[in-house]
Amino acid sequence: MAKLTKKQKAISINPEQLHGVDEAIALAKTNATSKFDETIEVALNLGVDPRHADQMVRGVVNLPKGTGKTVRVGVFARGAKADEAREAGADVVGAEDLMEQIQGGKIDFDRCIATPDMMGVVGRLGKVLGPKGLMPNPKLGTVTMNVAQAVKDAKSGQVEYRVEKAGIIHSGIGKASFPAEDLRANFDALVDAVVKAKPAGAKGKYVRKVAISSTMGPGIKVDTTEVAGA
């Protein structure tokens, strides 16, 4: 029988065992043994069928302890609003010129914000921005006149969540180097936001399964009775 490598020993977790939230976070941190600072990720399996419009779960949440990532923000705005965006720290600001840059294949941002008057321009980019999840949306606060606040939110730890076809939400809650209590604060914020976003069409148990993992580590099942609102 072949000897287990150090990494294999580290990830020898019973895949069926349920853990408390704090224990699962601690295990995920322990199993983040890569040379880079792995992201700690959460998977929420919800009792919804997102093929039905009344069961879509989507929104944004401000993680109180940040994400540990540097987020590049692009803003579609003109005049004073463009100046506001730049002052707030936006990385790319423009109008038709930015549209042409994107049409040319250059997307130099992770989040996209637009003032309402720019949506005619942004709308032409639907086939490019849509599949990448970058299309500004008023429900997510990314189509707004308050561009300065939107830029600050995006930079300070705001993440977007969206249920996938299988009824699962995946989201990062920080880096493995974060203190466990910071990851727990971000976990609670994410779960609270998803629970509050429960659609009227959802039937039966809403939060069915929860797992926590690091980028390269195994999934660690969480006891849903420990999850507020589940």
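Nothing here was measured: the structure is a model prediction, and the numbers come from that model. (Residues numbered from 1 in each chain as written. Predicted model: local features only at pLDDT ≥ 70, side-chain atom pairs only at ≥ 80, totals over all residues. Heavy atoms only, no water.)

Concerning the pattern of salt bridges
- One pass over the structure, following the stated rule, counts 11 salt bridges.
- A salt bridge links Glu160 to Arg58, with the nearest nitrogen and oxygen atoms 3.1 Å apart. One end of the pair, Glu160, is in strand E6 (residues 158-162); the other, Arg58, is in strand E2 (residues 58-62), and 102 residues separate them in sequence.
- Looking at Glu160, the relative accessible area reads 27%, which means it is partly exposed.
- Using a relative accessible area of 29% as the deciding quantity, one classes Arg58 as partly exposed. (Salt bridge = Lys/Arg side-chain N within 4 Å of Asp/Glu carboxyl O. Helix = DSSP H or I, 4+ residues; strand = E, 2+ residues; numbered from the N terminus. Buried < 20%, exposed > 50% of the residue type's maximum accessible area, 1.4 Å probe, protein only.)

A closer look at the sheet that holds strand E5 (residues 111-114)
- Strands sit in the order E4-E3-E5 across an open sheet of 3 strands; the sheet is parallel. Edge strands, defined here as strands with exactly one partner in the open sheet, are strand E4 (92-94) and E5. In this sheet, neighbouring strand axes are inclined to one another by 15° on average, regardless of whether the strands run parallel or antiparallel.
- Judged from the 4 bridges that link them, strand E3 (residues 73-76) and E5 form a sheet pairing that is parallel. (Pairing = 2+ DSSP bridges. Axes fitted to C-alpha atoms, helices over the stretch in contact; angles between N-to-C directions.)

Examining helix H2 (residues 21-30)
- Of all the residues in H2, the buried ones are Val21, Ala24, Ile25 and Ala28. The buried residues of H2 occupy one face: seen down the axis, they fall within an arc of 100°.
- Buried residues along H2 sit in contact with strand E1 (39-46), helix H8 (180-196), strand E8 (207-214) and strand E9 (220-222). (Arc of directions from axis to C-beta. Contact = heavy atoms within 4.5 Å.)

Remarks on the side chain of Arg111
- Tracing the chain through its elements places Arg111 in strand E5.
- Buried charge without a salt bridge: Arg111, with Glu160 as the nearest opposite-charge side chain at an N-O distance of 4.6 Å.
- Beyond its immediate stretch of four places on either side in the chain, Arg111 contacts Val60, Val71, Arg72, Val73, Gly74, Leu134, Thr142, Ala154, Gln158 and Val159. (Lys, Arg positive; Asp, Glu negative; His and termini not counted.)

Observations regarding the packing of H2 against H8
- Where H2 contacts H8, the axes come no closer than 10 Å and their chain directions differ by 125°. Taken together, H2 and H8 sit at an angle that is classed as oblique. Once H2 is placed against H8, the crossing between them reads as right-handed. Contacts between H2 and H8 involve Val21, Asp22, Ile25 and Lys29 from the former and Ala180, Leu183, Arg184 and Phe187 from the latter. (Parallel < 35°, antiparallel > 145°, perpendicular 65-115°, else oblique. Left-handed = near helix turned anticlockwise from the far one by under 90°.)

Points about the sheet that holds E1
- With antiparallel pairing, the 4 strands of this open sheet are ordered in space as E7-E1-E8-E9. Of all strands in the sheet, those with a lone pairing partner are strand E7 (168-175) and E9, marking the two edges. For this sheet, the mean angle separating the axes of adjacent strands, direction not counted, is 25°.
- One ladder, built from 7 bridges, connects E1 with E8; its direction is antiparallel. When the bridges of E8 are listed, Val42 appears paired with Ile212.
- Contacts from H2 reach E1, E8 and E9, with the element oriented near 30° to E8.
- Sheet strands in contact with H8 are E1, E7 and E8, and its direction is about 155° off that of E7.

Side note on the environment of Phe76
- Along the chain, Phe76 falls in strand E3.
- In this structure Phe76 comes out as buried when scored by relative accessible area, which is 0%.
- The sequence separation of Phe76 and Val122 amounts to 46 residues, and the corresponding C-alpha distance is 7.6 Å.

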